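# Survey of secondary and tertiary structure
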Amino acid sequence: MYFIRKINSDEVTEALALALEVFMQFEAPDYKPEGVLTFKRDIVENEEFINSCKKGDCPIYAAYDENKIVGIIGMRSTRTHINLVFTKKEYHRQGIATALFNYLLEDVLKENPSLNEITLNSSPYGKEFYLHLGFIPLSEEREIDGIRFTPMKYVVH
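Notes on the structure in this doc start here. These figures come from a predicted structure and were not determined experimentally. (Residues numbered from 1 in each chain as written. Predicted model: local features only at pLDDT ≥ 70, side-chain atom pairs only at ≥ 80, totals over all residues. Heavy atoms only, no water.)

### Side note on the nonpolar core
- Counting 28 residues, the largest nonpolar core has L16, F39, I60, I72, L84 and F86 as its most contacted members.
- Per-element accounting of this core gives the leading share, eight residues, to helix 1 (residues 12-27). (Core = buried A, V, L, I, M, F, W, Y, C linked by side-chain atoms within 4.5 Å. Buried < 20%, exposed > 50% of the residue type's maximum accessible area, 1.4 Å probe, protein only. Helix = DSSP H or I, 4+ residues; strand = E, 2+ residues; numbered from the N terminus.)

### Here's the deal with the layout of surface pockets
- Approximately 1,200 Å³ is the volume attributed to the largest pocket.
- E27, V85, F86, S123 and Y130 are, among the 43 residues lining the largest pocket, the residues nearest its centre.
- Those elements that place two or more of their residues in the lining of the largest pocket are helix 1, helix 2 (33-44), strand 4 (81-87), helix 4 (96-111), strand 5 (117-122), helix 5 (127-133) and strand 8 (147-155).
- Here the lining of the largest pocket gets seven residues from one element, more than from any other, and that element is strand 4.
- When grouped by side-chain class, the residues that make up the lining of the largest pocket number 22 nonpolar, 14 polar and seven charged. (1 Å grid on protein atoms, 1.4 Å probe; cavity = no way out; pocket = protein on both sides within 12 Å on 5 of 7 lines; lining within 4 Å. Points joined across faces, edges and corners; volume = space filled by probe spheres on them. Nonpolar A, V, L, I, M, F, W, Y, C, P; charged D, E, K, R; others polar.)

### Describing helix 4
- With 16 residues, helix 4 ought to run about 22 Å at 1.5 Å a step, and its terminal C-alpha atoms sit 23 Å apart, in line with that.
- Those residues of helix 4 that fall on the buried side of the exposure criterion are I96, A97, L100, F101, L104, L105, D107 and V108. (Expected span 1.5 Å × (residues − 1).)

### Comments concerning the packing of aromatic side chains
- This model, assessed by the stated rule, comprises 11 aromatic pairs.
- For the ring pair F23 and F39, a centre distance of 3.9 Å and an interplane angle of 5° mean the geometry is stacked. Placement of F23 in helix 1 and of F39 in helix 2 is noted, with a sequence separation of 16 residues between them. Comparing F23 with F39, the two get one shared label, buried. (Phe/Tyr/Trp six-rings, centres within 6.5 Å; stacked < 30°, edge-to-face > 60°.)

In short, shape yes, function no, at least from these values alone.
Now the structure itself:
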């Protein structure tokens, strides 16, 4: 069984290591080498982003199995755009990412009850999952700096 909570500043490195591990397994095969470098540069090696996460400006929520992070979901500082959703391979298809999204949504709505939508840029691998959650594509797939994505939004009910 697992539990979910917002991570502490000293867990950011572990959370981003999980993101990189899962990205390399499931996302990188669909991307050009430039896309892999972009992901690393913009997320896991970006000191400004890492520091924002450590300060709590860019919240990251994690699912834990015992004391080990097995899945994460994170947002930009605006708290209207999801930029990280990763679950370790052996925990796929167990409802963890769905539970993380629901937890994040509940927490964000406490801070901003008038929030009416959340956006994200779905990777090819994650698109079916987001459709299942109720996200709506905003355009066809795009590619920027080697990253393939479909812009999507979730209308908060």
